[in-house]
Amino acid sequence: MVDVKTVNTIANLSRLEIADENKPYLQEQLGKILIYVEQLREVDTTGVLPTAFLVPEHDSLRDDIAVDSLTIDDALSNGPLVTKGHFAIPKVIG
Amino acid sequence: MSFFDTSVAEIVKAVQSGTVTAAELVEKSLAAIAEKNEEINAFITVCSDEARARAKEIDALSAEQKSTMVLCGIPIAVKDNISTKGIQTTSGSKILKGYTPPYDADSVERIIAAGAIIVGKTNLDEFAMGSSNENSAYGIVRNPRNTNAVPGGSSGGSAAAVAADMVPLALGSDTGGSIRQPASHCGIVGIKPTYGMVSRYGLIAYASSLDQIGPMGNSVEDCALLLSVIAGDDRRDSTNARKTYSNDAFSSVKGKKIGLPAEYFGEGLTDEVRAIIDEKKAKLVEAGAELVTVHLPHVSHAIATYYVIATAEASSNLSRFDGVKFGHRAEGTTSLIDMYKKTRAEGFGEEVKKRIMLGTYVLSSGYYDAYYLKAAQVRTLITQDFENAFKECNLILSPVTPAPAFMIGEKTSDPIQMYLTDIYTVSANLAGIPGISVPAGEVNGLPVGAQLMAPKWGEKGMLDAAKIIS
């Protein structure tokens, strides 16, 4: 079981608003999964390098040639609120 | 049962020679969707107008132009986490309702150039997070073989669309088994290619180090053909390996060693599925292959490893859904942070929220080493297990799932029970190797698949053996 304070902290870091009535469910579900993944502690990983890349055989750089990108209109086309060629957000500075 | 009861290659030949038109094929596909989709719910979006217009264009091409298109006139379904220019792409989430990408995914560009016609976008577990297609904001998908059963997930819509004969081919994506498991549950073929073979450009990312796009179809031949189209170099995906897949004739498996991992045939596997895999072993031996027992000592930890790595990557990848650039935005919020939180609370479903929170937790200060770093180390050990096994065999044969499709609602309350349905499939994603699910038998009228896995870039040999057991 994960305590409610931890749920609140993770929810804030995850930028998720969680209703109070849903917190016990998340405490239980996250707790169950974390208990299950605890099994990884049993594995001896002394000196084992963590996997960071799966395709190490080549460099991924493309040739340095200018290619077309999305137009500004295309890039903004799905914005929920767009003003004067920009994405608009709630006021940040008062 | 299969589309026109013949192979995709034969249908393509018919279109190229003019004995059938692309328009006729599209009408056949749209009619099947109109008849069956209300019950099966395989499609979130059906693009009838676009498909009909494209069919007209293809039918107007010269015989010479058609002759270069290896998927000429073939109706195809695309999983709804793969971007299609001008066609709604939701990833099964409310947060992307109405989102129409301004560009095509690389694999979509390739199938269009090859003459395929997209008839619709298929349902999936939200952001590909699930094994049953019960987590979609656009409703559950039903298994065409038994509509009380799940089709598997997360590419459940693509699998059901092929199994219900709505399309002969579909694109899916596989992060922990999301092509192979629904293929097994619906009685079709599905391939997860080697990591880096198919470009991920335009695939809405769930777990970037595990995701691969792959083909789903009625036969090994059909899937091999589609794989040859979607594989290839793309500099827009920095993990693309510049490999191609050549759809050559199938070869014999004579003298090939087929590895049977002892860990996959122990506890947890139902007797019925075991018996079906035993029949496939016999077929391979009959064809001249040799069976050897191999060991994968760390795969018992694969599910735990997967749920740490996949959720960690998801928590980062899904931070782009913030109500600013695309998709849903909550109304009546008081500040930027409040807008983010309310937008994401309203837009994401329960399973997605749970996985984002789990990923955030395992990456957070004080827990990173104990969870994320540890899982990345165990991932190395699992990869080494496969490398060692492939020193003793050419291919690995295993079940796809411990049991056939379960009933809708059966596993929704216990997350671990649901996650364990991927026990035989997640390791291929962790190790970056290819895997295929081939229909192998039935239990109580529900299909069961057999899985073959190969070393990286070993698709050709894997498909040769898959052809034998299919």
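Data block above holds the structure.
Keep in mind it's a predicted model, so treat the numbers as computed, not measured.

Enquirer: Which residues make up the overall build of chain B, and what values go with them?
Expert: Of the regular secondary structure elements, chain B holds 16 helices and 11 strands. Radius of gyration (C-alpha) of chain B: 21 Å, near the 23 Å computed for a compact globule of 470 residues. Out of the 470 residues belonging to chain B, those deemed buried represent 64%. Long-range pairs, those at least 24 residues apart, make up 75% of the contacts in chain B between residues at least 6 apart in sequence. Working note: accessible area of chain B is about 15,000 Å², and carbon and sulfur atoms make up 49% of it. If you average the places of the 45 positive and of the 53 negative side-chain charges in chain B, the two averages end up 4 Å apart.

Enquirer: Describe in detail unusual backbone geometry, supporting the description with residues and values.
Expert: Among all residues except glycine, the phi angle is most often negative; among peptide bonds, the trans geometry is most common. Residues and elements named next belong to chain B. Omega for the peptide link from Gly-153 to Ser-154 comes to 10 degrees, which places this bond in the cis form. A positive phi angle is found at Asn-444, which is not glycine, with a value near 50 degrees. Positionally, Asn-444 belongs in the loop between β10 (435-443) and β11 (446-453). Note on Asn-444: relative accessible area 77%, which makes it exposed. Within the chain, Trp-457 stands out as a residue other than glycine whose phi angle is a positive 65 degrees. You can see Trp-457 is positioned in the loop between β11 and α16 (459-469). Residue Trp-457 is classed as partly exposed on the basis of its relative accessible area, which comes to 24%.

Enquirer: Can you explain the side chain of Lys-353 of chain B? Please cite residues and give values.
Expert: Of note, Lys-353 of chain B is situated in helix α12 (residues 350-363). Here Ala-345 of chain B takes part through its backbone oxygen, which lies 2.8 Å from a polar atom of the side chain of Lys-353 of chain B. Residues in contact with Lys-353 of chain B, not counting those within four places in the same chain, are Leu-16 of chain A together with Arg-344, Ala-345 and Phe-348 of chain B.

Enquirer: With reference to specific residues and values, describe the nonpolar core.
Expert: All names here are of chain B. Within the largest apolar cluster, 173 residues are counted, with the highest numbers of intra-cluster contacts made by Leu-71, Ile-111, Phe-127 and Phe-386. Sorting elements by how many residues they give to this core places helix α10 (residues 302-317) first, with 10 residues. Not counting residues up to four positions away in its chain, the partners in contact with Phe-386 are Tyr-264, Leu-296, Val-299, Ile-396, Ser-427, Ala-431, Ile-433 and Met-453.

Enquirer: So what's going on with the pattern of salt bridges? Residues and values would help.
Expert: Scanning the model with the defined rule gives 23 salt bridges over all chains in all. What emerges from the salt-bridge pattern is a single network uniting Asp-106, Glu-109, Arg-110, Asp-234 and Arg-236 of chain B.

Enquirer: I'd like a description of the interface of chain A and chain B, backed by residues and values.
Expert: Across the contact, 50 residues belong to chain A and 70 residues belong to chain B. Regarding the contact of chain A and chain B, the summed buried area is about 5,200 Å², with carbon and sulfur atoms giving 67% of it. One can count 1 salt bridge joining chain A with chain B. For Glu-17 of chain A, the salt bridge is made with Lys-342 of chain B, and the minimal N-O distance between the two is 3.4 Å. Joining chain A to chain B, the criterion identifies 19 residue pairs in polar contact (both at pLDDT 80 or more). The set of elements that each furnish at least two residues to the side of chain A that touches chain B consists of α1 (4-13) and α2 (23-37) of chain A. Among the elements that line the side of chain A that touches chain B, the one with the most residues is α2 of chain A, at 9 residues. Of the residues that constitute the side of chain A that touches chain B, the class distribution is 29 nonpolar, 11 polar and 10 charged.

Enquirer: Outline α16 of chain B, supporting the account with residue identities and numerical values.
Expert: Considered for burial, the residues of α16 of chain B that qualify are Glu-459, Met-462, Leu-463, Asp-464, Ala-465, Ala-466 and Ile-469 of chain B. Among the structural elements, β5 (189-192), α8 (220-230), α9 (271-286), β9 (395-399), β10 and β11 of chain B are those in contact with the buried residues of α16 of chain B.

Enquirer: Go over the packing of aromatic side chains with me, naming the residues and quoting the values.
Expert: All names here are of chain B. Inspection of every chain in the model, using the stated rule, returns 14 aromatic pairs over all chains. For the ring pair Phe-321 and Phe-348, a centre distance of 6.4 Å and an interplane angle of 85 degrees mean the geometry is edge-to-face. Taken together, the residues span a long stretch of sequence, with Phe-321 in the loop between α10 and α11 (336-347) and Phe-348 in the loop between α11 and α12 at a distance of 27 residues. The buried category is assigned to Phe-321, whose relative accessible area is 3%. It is Lys-281 that lies over the ring of Phe-265; its NZ or CZ is 5.0 Å from the centre. Over the face of the ring belonging to Phe-250 we find Lys-467, whose NZ or CZ atom lies 6.0 Å from the ring centre.

Conventions and cut-offs
Residues numbered from 1 in each chain as written. Chains lettered and ligands numbered in written order. Predicted model: local features only at pLDDT ≥ 70, side-chain atom pairs only at ≥ 80, totals over all residues. Heavy atoms only, no water. Helix = DSSP H or I, 4+ residues; strand = E, 2+ residues; numbered from the N terminus. Rg over C-alpha atoms; globule rule 2.2 N^0.38 Å. Buried < 20%, exposed > 50% of the residue type's maximum accessible area, 1.4 Å probe, protein only. Contact = heavy atoms within 4.5 Å. Areas by Shrake-Rupley, 256 points an atom, 1.4 Å probe, with all protein chains shown as cover. Lys, Arg positive; Asp, Glu negative; His and termini not counted. Charge placed at Lys NZ, Arg CZ, Asp CG, Glu CD. Polar contact = N/O pair within 3.5 Å; in protein donor to acceptor, adjacent residues only side chain to side chain. Core = buried A, V, L, I, M, F, W, Y, C linked by side-chain atoms within 4.5 Å. Salt bridge = Lys/Arg side-chain N within 4 Å of Asp/Glu carboxyl O. Buried area = accessible area lost by both parts, 1.4 Å probe. Nonpolar A, V, L, I, M, F, W, Y, C, P; charged D, E, K, R; others polar. Phe/Tyr/Trp six-rings, centres within 6.5 Å; stacked < 30°, edge-to-face > 60°. Lys NZ or Arg CZ within 6 Å of the ring centre and 35° of its normal.

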